[in-house]
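Results of the structural survey
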Amino acid sequence: MRFLLIFILIVAVSCKRDEPLAAAKNNSDTTAFRSFGYDYSNNYLELLPKSIMPGKPYQYWAYVEHINGYEKASFEIFKEAGDTLLRRGTDSLPASGGFFKRGQFTTRGDFIVVIENDSLSYISTDSGLREFLGTIDNVNEAVLLAETFHYGPDYESGGNDYRIVNGAYELNLIAFDPFPSCVGGIEYDTEKKVTVTKDGFIKAVSREKNNTSTNTE
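Structural notes, computed from the coordinates. Everything numeric here is computed off the predicted structure, so don't read it as measured data.

Some words on helix H3 (residues 139-148)
Judged by how many residues are buried, H3 sits mostly within the fold: ten of ten residues are covered. N-cap assignment for H3: the residue whose side-chain oxygen lies 3.2 Å from the backbone N of asparagine 140 is asparagine 138. Of the residues one or two after H3, histidine 150 is the one with positive phi, at around 70 degrees.

Below, the structure is given as structure tokens:
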């Protein structure tokens with residue numbers, strides 16, 4: 001009976017672990033490239049926030065996608081943590097903006113709702129997201145941050161998606177335009193080697209022969 005109880009406890013603890021994407025499980029250095037493991041037939045962007053690990057504890061926080069359509073606005077919480085009894089602020093999200101904007105006729109913007117010291121605030125910029133994340137703990141955080149600067153997975157990379165060198169994530173991505181003409185200075189549809197450092201800073205370098213730096217955030 002005693003061994004049965006121990007077995008049940010072990011199973012219960014293991015079931016509480018939340019690793020939505022296999023790519024988030026290993027953040028040790030590697031010289032070989034790995035696959036993100038994303039299912040591109042579904043919206044993998046909605047899975048990335050589930051790997052977020054904030055740089056410090058909060059009373060409550062939530063990663064929220066705010067959707068503005070023709071008739072009404074709505075929202076969806078992709079991840080929340082802390083005291084959910086304190087949940088508030090989703091009904092008064094800013095009408096526009098967000099650190100990750102996409103869409104034309106129906107626009108979507110991503111925000112992080114934070115309650116700290118009983119005070120409500122919103123994170124709506126890429127720099128705010130970087131500060132919220134603190135250190136980059138897994139590849140999904142790295143990809144999410146890169147996506148805010150309009151770099152996304154190259155669907156035809158054949159699994160040579162990323163590797164980790166000295167704690168920094170080297171990502172083989174492609175520049176894309178989620179909302180035409182909203183961002184200048186980026187040459188779209190070009191392959192990039194995007195490096196996301198442990199502290200969340202981004203450097204994008206062309207993967208063409210000249211290998212010249214094209215963008216640094």
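Comments concerning the packing of helix H2 (residues 126-133) against H3
Two elements in contact, H2 and H3, have axes separated by 10 Å at closest approach and are oriented at 165 degrees. Relative to H3, H2 is oriented roughly antiparallel. Classified by chirality, the crossing of H3 by H2 is left-handed. Together, Asp126, Leu129, Arg130 and Leu133 of H2 and Glu141, Leu145 and Thr148 of H3 make up the contact between the two elements. Residues of the contact of H2 with H3, tallied by class, amount to three nonpolar, one polar and three charged.

Some thoughts on the pattern of salt bridges
Enumeration over the complete set of coordinates arrives at three salt bridges. The shortest N-O distance in the salt bridge between glutamate 80 and arginine 87 comes to 2.7 Å. Owing to a relative accessible area of 26%, glutamate 80 belongs among the partly exposed residues under this scheme. A residue is classified by how much of its surface remains accessible, and arginine 87, at 41% relative accessible area, is partly exposed.

How each quantity is defined
- Residues numbered from 1 in each chain as written.
- Predicted model: local features only at pLDDT ≥ 70, side-chain atom pairs only at ≥ 80, totals over all residues.
- Heavy atoms only, no water.
- Buried < 20%, exposed > 50% of the residue type's maximum accessible area, 1.4 Å probe, protein only.
- Helix = DSSP H or I, 4+ residues; strand = E, 2+ residues; numbered from the N terminus.
- Polar contact = N/O pair within 3.5 Å; in protein donor to acceptor, adjacent residues only side chain to side chain.
- Axes fitted to C-alpha atoms, helices over the stretch in contact; angles between N-to-C directions.
- Parallel < 35°, antiparallel > 145°, perpendicular 65-115°, else oblique.
- Left-handed = near helix turned anticlockwise from the far one by under 90°.
- Contact = heavy atoms within 4.5 Å.
- Nonpolar A, V, L, I, M, F, W, Y, C, P; charged D, E, K, R; others polar.
- Salt bridge = Lys/Arg side-chain N within 4 Å of Asp/Glu carboxyl O.

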